[in-house]
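Examining the three-dimensional arrangement
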Amino acid sequence: MDHALWFASRATGLVALVLLTLSLVLGIVGGGRAVSERWPRFTLAALHRNIALISVLFLTVHVASAVVDPYAGIGWIDTVLPFVSVYHPFWLGLGAVALDVLIAVLVTSMLRTRISVRLWRAVHRVGYVCWPVALVHGLGIGGKDAGLTWVISLNVSCALVVVAAVVGRLRGRGHPDSAARRAATLGGR
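Residues numbered from 1 in each chain as written. Predicted model: local features only at pLDDT ≥ 70, side-chain atom pairs only at ≥ 80, totals over all residues. Heavy atoms only, no water.

With 22 residues, helix 3 (residues 89-110) should cover 32 Å at 1.5 Å per step; its first-to-last C-alpha distance of 31 Å lies within 8% of that length. Along helix 3, the residues that are buried comprise Leu92, Gly93, Leu94, Gly95, Ala96, Ala98, Leu99, Val101, Leu102, Val105 and Thr108. (Helix = DSSP H or I, 4+ residues; strand = E, 2+ residues; numbered from the N terminus. Expected span 1.5 Å × (residues − 1). Buried < 20%, exposed > 50% of the residue type's maximum accessible area, 1.4 Å probe, protein only.)

Pasting the structure below:
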């Protein structure tokens, strides 16, 4: 039982990374208004939202098991206040930054119907910072298992998938009404 909390923290952190990667990719693809008959936009949005919520569940277990584990001496405040922990302050601080950004995205998403679209979009765009910061957090604080081939492969695969989604989004034409909406916005100035 000595190492159970440590294993739980590492495993749920890696699963959270995979789920956050998938959620990010779905957000990038959905934000580009990619649709098809098999994947209507509302299905993509629902999948993005549900995977994001599941990732929050795994992230909660990741954080809780790290705090409850007496080995590192991580306190609850260390999980939300960046760079104050005595245990790997920089790497844990990056995790706190990623968590804070994710909480902001989660809260504004829950309040989406009660806040302006502009505010929701701004916070959601800041959410793009969460993923690379979380990835670097895991690489830096990962311990000996961060050097394992399968963990490196997982991190590299997540990075490649995100890069491919970004490149695809930048190269894609998007939904046909996107150009009309941009033209209307520019013409209305």
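Following the structure, the description resumes.
In terms of nonpolar packing, the biggest core is built from 29 residues, with Ile74 and Trp131 touching the most fellow members. Of all the secondary-structure elements, those providing two or more residues to this core are helix 1 (4-31), helix 2 (41-68), helix 3, helix 5 (130-141) and helix 6 (149-171). Per-element accounting of this core gives the leading share, 7 residues, to helix 3. Discounting chain neighbours no more than four positions away, the residues touching Trp131 are Leu17, Leu20, Thr21, Leu24, Cys158, Ala159 and Val162. (Core = buried A, V, L, I, M, F, W, Y, C linked by side-chain atoms within 4.5 Å. Contact = heavy atoms within 4.5 Å.)

It is worth spelling out the side chain of Asp69 at this point. Along the chain, Asp69 turns up in the loop between helix 2 and helix 3. Within the buried set, Asp69 has no salt-bridge partner at all; the shortest N-O distance to an opposite charge, 10 Å, is to Arg10. A distance of 3.2 Å separates the side chain of Asp69 from the backbone nitrogen of Tyr71, its partner in a polar contact. Aside from chain neighbours lying at most four places away, what touches Asp69 is Leu5 and Trp6. (Lys, Arg positive; Asp, Glu negative; His and termini not counted. Salt bridge = Lys/Arg side-chain N within 4 Å of Asp/Glu carboxyl O. Polar contact = N/O pair within 3.5 Å; in protein donor to acceptor, adjacent residues only side chain to side chain.)

By the definition in use, this model includes 3 aromatic pairs. On the basis of an interplanar angle of 75° and a centroid distance of 5.0 Å, the ring pair of Phe90 and Trp91 is categorised as edge-to-face. Owing to a relative accessible area of 29%, Trp91 belongs among the partly exposed residues under this scheme. Aromatic ring contacts, followed pair by pair, group Phe83, Phe90 and Trp91 into a single cluster. Arg112 extends its terminal NZ or CZ atom over the ring of Trp120, reaching a point 3.7 Å from the ring centre. (Phe/Tyr/Trp six-rings, centres within 6.5 Å; stacked < 30°, edge-to-face > 60°. Lys NZ or Arg CZ within 6 Å of the ring centre and 35° of its normal.)

Moving on to the layout of surface pockets. By volume, the second largest pocket is sized at about 790 Å³. For the lining of the second largest pocket, the secondary structure elements donating two or more residues are helix 1, helix 2, helix 3, helix 5 and helix 6. Looking at the lining of the second largest pocket residue by residue, the class counts come to 24 nonpolar, 11 polar and 4 charged. (1 Å grid on protein atoms, 1.4 Å probe; cavity = no way out; pocket = protein on both sides within 12 Å on 5 of 7 lines; lining within 4 Å. Points joined across faces, edges and corners; volume = space filled by probe spheres on them. Nonpolar A, V, L, I, M, F, W, Y, C, P; charged D, E, K, R; others polar.)

In this section: the packing of helix 1 against helix 5. The geometry of helix 1 relative to helix 5 is characterised by a closest axis approach of 11 Å and an angle of 155° between their N-to-C directions. The angle between helix 1 and helix 5 falls in the class roughly antiparallel. Crossing of helix 1 against helix 5: the hand is left-handed. Residues Arg10, Leu17, Leu20, Thr21 and Leu24 of helix 1 form the contact with helix 5, whose own contacting residues are Trp131, Leu135 and Gly138. In terms of residue class, the contact of helix 1 with helix 5 is built from 5 nonpolar, 2 polar and 1 charged. (Axes fitted to C-alpha atoms, helices over the stretch in contact; angles between N-to-C directions. Parallel < 35°, antiparallel > 145°, perpendicular 65-115°, else oblique. Left-handed = near helix turned anticlockwise from the far one by under 90°.)

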